[in-house]
Amino acid sequence: MSDLKSHGVPDNVETDGWTLDIHGSIGHRVRLDRDELRDFPAETFIDDFGCVEGWIANDLSWRGIRVGEILDRAEPTLGSDHALVRSLDGDYACSFPIDRLAEALLAFELDGEPLAPEHGGPARLVPTDGDSDCWESIKWVSEIELAESPLETDATAKEIALGRIE
Ligand SMILES: Nc1nc2c(c(=O)[nH]1)N[C@H]1C(S)=C(S)[C@@H](COP(=O)(O)O)O[C@H]1N2
Ligand SMILES: [Mo]
C-alpha cells in the first residue's frame, strides 16, 4: 500500500470500457483501449508525491508509457506545441507544453499492482520533471487534445484542486 491519500472515485467516473482518445492538431486520430496500451514499451519511474494540502507519499513506483510514444503515433502537426489533458472526472483538465507532456508517464501500475481506480486507474498522468504540481498528476486520463496555441478549459485542474483547500 502506498501512502497516497484515498479520495474515492467520483460518481461520474466510469472506468469500465475506458479508452484514451488523442485528437486535435494531429495527422492521425488515435484511440487506445487497455489492451492496446501493452503494445507500447513500458518504463518504471520512482518518485515521492506531495500535495499542496500538506501530505507526502514517499517512493511511489509507477510503471507506464512515456506519453511521447503515444503522441508520436498520432503524428502531431509541426506546430503542435500545446496539449490539454482531460479526465473522466468531469471538467477536470490541465494544459501542458507538448515537450513536457511527452516526458510524462501514462502510468497503469503502482508499486507492482494494476493502478486501482481510486488512484486514477486505468491510467494516471505522472509528470517526471521533478517540480510538477499535485493537480498535474491527472487521474483517469481519457483525452489528450493537441493544438498549435494554448488551450483553455472551463475549469482547470489547478482551480479545482486549490478550491478544495479552503
Ligand atoms: N482527475 C483528477 N485527477 C486528480 C485530481 C482530481 O480531482 N481529479 N486531484 C489531483 C490532486 S490535487 C491530487 S493531490 C492527487 C491525489 O491523488 P490520490 O487521490 O491518488 O491521493 O490527484 C490529482 N489528480
Ligand atoms: Mo493536491
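Our subject is the structure that appears above.
Residues numbered from 1 in each chain as written. Chains lettered and ligands numbered in written order. Predicted model: local features only at pLDDT ≥ 70, side-chain atom pairs only at ≥ 80, totals over all residues. Heavy atoms only, no water.

Chemist: Looking at this model, I keep getting lost on the pairing of strand 1 (residues 19-24). Mind explaining?
Modeler: For a regular strand, the rule is simple: side chains alternate between the two faces of the sheet. With four bridges joining them, strand 1 and strand 2 (residues 30-33) adopt antiparallel strand pairing. Residue pairing across strands places Asp-21 opposite Arg-31, the latter belonging to strand 2. Between the end of strand 1 and the start of strand 2, which pair antiparallel, lie five residues. In the sheet, strand 1 pairs with strand 10 (residues 141-147) via four bridges, with the strands oriented parallel. Within the sheet, the bridge partner assigned to Ile-22 lies in strand 10 and is Ile-144. (Pairing = 2+ DSSP bridges. Helix = DSSP H or I, 4+ residues; strand = E, 2+ residues; numbered from the N terminus.)

Chemist: I tried to follow the pattern of salt bridges on my own but got confused; where do I start?
Modeler: Once their charged atoms are close, side chains differing in charge can pair, the charge on each being opposite to the other. Throughout the structure, instances matching the rule amount to 10 salt bridges. Between Arg-38 and Asp-35 there is a salt bridge, with the nearest N and O atoms lying 3.4 Å from each other. Residue Asp-35 is classed as partly exposed on the basis of its relative accessible area, which comes to 48%. For Asp-129, the salt bridge identified is with Arg-100, shortest N-O distance 2.4 Å. Of the two residues, Asp-129 sits in the loop between strand 9 (124-126) and strand 10 while Arg-100 sits in helix 3 (residues 98-103), which places them 29 residues apart along the sequence. Overall, the relative accessible area of 25% leaves Arg-100 in the partly exposed class. Linked through salt bridges whose partners overlap, the residues forming this network are Asp-21, Arg-29 and Arg-31. (Salt bridge = Lys/Arg side-chain N within 4 Å of Asp/Glu carboxyl O. Buried < 20%, exposed > 50% of the residue type's maximum accessible area, 1.4 Å probe, protein only.)

Limitation: the analysis is restricted to geometry and does not speak to function.
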